[in-house]
Amino acid sequence: MQRRTFLTTASLGSLGFVFPAPIFNEVMTVTGPISANRMGITLPHEHITTDFTGAEKVIQPQYDTQSAVQGIYPYLKRLHDLGCRTLFECTPNYIGRDVLLLQKLSEVSGINIITNTGYYAAANFKYLPKHFYEESVVQLAQRWIKEWEEGIDGTGIRPGFIKIGVNKAPLSADEKKLVDAAALTHLKTGLTIAIHTGDGKAADQELSWLMERGVAPEAMIWVHAQNDKDEGAHLSALARKGVWISLDGINAKPRQLKRYLYQLQSMRMDGLLNKVLISHDDGWAVKAEEVAGEKRVQLDLFKNGNTVPYHTIFDKLIPNLFSWGFTRKDIKQIMVKNPRKAYTIRVRKL
Ligand SMILES: [Zn+2]
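Residues numbered from 1 in each chain as written. Predicted model: local features only at pLDDT ≥ 70, side-chain atom pairs only at ≥ 80, totals over all residues. Heavy atoms only, no water.

## Observations concerning the coordination of the zinc ion
All of the protein donors around the zinc ion are H45 (NE2), H47 (NE2) and D281 (OD); their distances to the metal are 2.1 to 2.3 Å. On the primary sequence, the residues serving as donors to the zinc ion are separated as H-x1-H-x233-D. Note that H45 is positioned in strand 4 (residues 41-46) and D281 in the loop between strand 13 (276-278) and strand 14 (284-291), a separation of 236 residues in sequence. (Donors = N, O, S within 2.8 Å, 3.2 Å for Na, K, Ca; no water. Helix = DSSP H or I, 4+ residues; strand = E, 2+ residues; numbered from the N terminus.)

## Topic: the environment of G249
Tracing the backbone through its elements, the reader meets G249 in the loop between strand 12 (244-247) and helix 8 (254-269). When its relative accessible area of 14% is taken as the criterion, G249 is described as buried. In this structure the C-alpha to C-alpha distance between G249 and N227, which are 22 residues apart in sequence, comes to 9.2 Å. Beyond its immediate sequence surroundings of up to four residues, G249 is in contact with Q226, Y260, S279, H280 and D281. (Buried < 20%, exposed > 50% of the residue type's maximum accessible area, 1.4 Å probe, protein only. Contact = heavy atoms within 4.5 Å.)

## Points about the nonpolar core
Counting residues in hydrophobic clusters, the biggest one holds 89 residues, and the most contacted among them are I48, L76, I245, I278 and L317. Leaving out residues up to four positions away in the same chain, L317 has contacts with I250, L257, Y260, L261, L264, I278 and T312. Core analysis: the next-biggest nonpolar cluster, separate from the first, contains 15 residues, V27, F88, A194 and V223 among them. (Core = buried A, V, L, I, M, F, W, Y, C linked by side-chain atoms within 4.5 Å.)

## Overview of the sheet that holds strand 6 (residues 84-89)
Spatially, the 3 strands line up as an open sheet ordered 4-6-7, and their pairing is parallel. Bordering the open sheet on either side are strand 4 and strand 7 (112-114), each of which pairs with just one other strand. Pairwise comparison of adjacent strand axes, ignoring direction, gives a mean angle of 20° for this sheet. Here helix 1 (residues 65-81) sits on the sheet in contact with strand 4, strand 6 and strand 7, set at roughly 130° to strand 6. (Pairing = 2+ DSSP bridges. Axes fitted to C-alpha atoms, helices over the stretch in contact; angles between N-to-C directions.)

## Concerning helix 5 (residues 173-189)
Taking 1.5 Å of rise per residue, the 17 residues of helix 5 would be expected to cover 24 Å, and the 24 Å separating its terminal C-alpha atoms lies within 8% of that figure. Taken together, the buried positions of helix 5 are E175, K177, L178, V179, D180, A181, A182, A183, T185, H186 and T189. The inward-facing, buried residues of helix 5 contact helix 3 (130-134), helix 4 (137-150), strand 9 (161-165), strand 10 (193-196) and helix 6 (200-212). (Expected span 1.5 Å × (residues − 1).)

## A few points about the sheet that holds strand 13
Pairing within the open sheet is parallel, and its 6 strands lie in the order 8-9-10-11-12-13. Both edges of this open sheet fall to strand 8 (116-117) and strand 13, since each of them pairs with a single strand only. Where strand 9 meets strand 10, 4 bridges bridge the pair, whose relative direction is parallel. Paired with I162 across the bridge in strand 10 is I193. Taken strand by strand, helix 5 contacts strand 9 and strand 10, and its axis lies near 175° from that of strand 9. Of the strands in this sheet, strand 9, strand 10, strand 11 (220-223), strand 12 and strand 13 touch helix 10 (residues 328-343), which is tilted by about 110° from strand 13.

## Observations regarding helix 10
Across its 16 residues, helix 10 extends 22 Å between first and last C-alpha, which sits within 8% of the 22 Å expected from 1.5 Å per residue. Within helix 10, the axis deviates most sharply at K337, by approximately 35°, and proline P339 lies no more than four positions further along. Taken together, the buried positions of helix 10 are D330, I331, I334, M335, V336, N338, P339, A342 and Y343. (Bend = angle between axes of the 7 residues up to and from the residue.)

## A few points about the packing of helix 1 against helix 2 (residues 99-109)
Packing of helix 1 against helix 2 brings their axes to within 9 Å, and their N-to-C directions diverge by 45°. By the angle class used here, helix 1 and helix 2 are oblique. When the axes of helix 1 and helix 2 are compared, the crossing they make is right-handed. Residues T65, A68, V69, I72, Y73, L76 and H80 of helix 1 form the contact with helix 2, whose own contacting residues are L101, K104, L105, V108 and S109. For the contact of helix 1 with helix 2, the residue count by class is 8 nonpolar, 3 polar and 1 charged. (Parallel < 35°, antiparallel > 145°, perpendicular 65-115°, else oblique. Left-handed = near helix turned anticlockwise from the far one by under 90°. Nonpolar A, V, L, I, M, F, W, Y, C, P; charged D, E, K, R; others polar.)

## Some details on the pairing of strand 2 (residues 26-29)
Residues of strand 2 alternate between two faces, with E26 and M28 on one and V27 and T29 on the opposite face, all of them buried. Both strand 2 and strand 3 (residues 32-35) contribute to a ladder of 4 bridges, which runs antiparallel. Looking across to strand 3, one finds that E26 is bridged to S35.

## Remarks on the packing of helix 9 (residues 312-323) against helix 10
Between helix 9 and helix 10, whose axes approach to 10 Å, the crossing angle comes to 135°. Considered as vectors, helix 9 and helix 10 are oriented oblique to each other. As helix 9 packs across helix 10, the resulting crossing turns out to be right-handed. Contacts between helix 9 and helix 10 involve I313, F314, I318, L321 and F322 on the former and, on the latter, R328, I331 and M335. Grouping the amino acids of the contact of helix 9 with helix 10 by side-chain chemistry returns 7 nonpolar, no polar and 1 charged.

## Some points on the packing of aromatic side chains
Applying the stated criterion across every chain, the model contains 12 aromatic pairs. For the ring pair F132 and Y133, a centre distance of 5.3 Å and an interplane angle of 90° mean the geometry is edge-to-face. On the numbers, 5.1 Å between centres and 75° between planes, the contact of Y262 with W324 is edge-to-face. Residue Y262 is found in helix 8, and its partner W324 is found in the loop between helix 9 and helix 10; the two are separated by 62 residues along the sequence. (Phe/Tyr/Trp six-rings, centres within 6.5 Å; stacked < 30°, edge-to-face > 60°.)

If you want it as structure tokens, here you go:
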């Protein structure tokens, strides 16, 4: 249907304003705080644009914002038409987090978009800035807390959750530093911690480190839990402790889709549908190259099994869930109630 790739050329300036402080039981979107009750149908783990060049290698964004808005808007419009009202954008700083683009897209599409604070150590530490290694846990947390208190890079746009990424177990001292900084940030701000996690053993390590710092399991989202290999027992075990289980790579490949259906069925049979989050992990990646001496930047859709972003859950997964015996109440639990509960900010310390 629509073009999957589009070209863009330059960069943009910035705005400067601060939104009112959030209050109890709200979520923080890129256009300010809203009542958690207004989130509606929510995709809790997606991306808009990402730039995988590596930390501190190029000035981001490399694309022209207006072109990006024009290219991406039709997909968000269709998502809005499908009934979705809220999208959590999980691209961390140094992988192309672009809060002004998110704000623009939220304004034109009517979809609440939430951005994040935190760093990403997965993919072999390629996306960590130099200061990560030089600073203490407290200093890192202070940077993230400052984004919450003052807004991101002078835009006034605040993060609505913490997003970090780690590799497979055993996790390193640097990965522990990241988890510890997330814990301190959470304790100060109330923001939920979503952790891109390499495997189930790493999830266990994260949870124990968070709990040592006094963070409740309910404040942790195990991102990419679908990659766990033990047929669901591990997912259920951590869900029983309170951790949110994020099955977030839902795609249209039939075998993959079936795997998600089995995982959801297993959680349902264990009475744990109230701990599951589902998303596509869709989005675009920057591709920059020199063509005849000229820099050419385009945004390519992730090659993750979905040829149209943000739709497979609505077009394919939900109809399948109904035929597997899931009820409307179950779907509402997964797509409305769970994201609301997982991401509501319950502590205010501004
Ligand atoms: Zn992701």
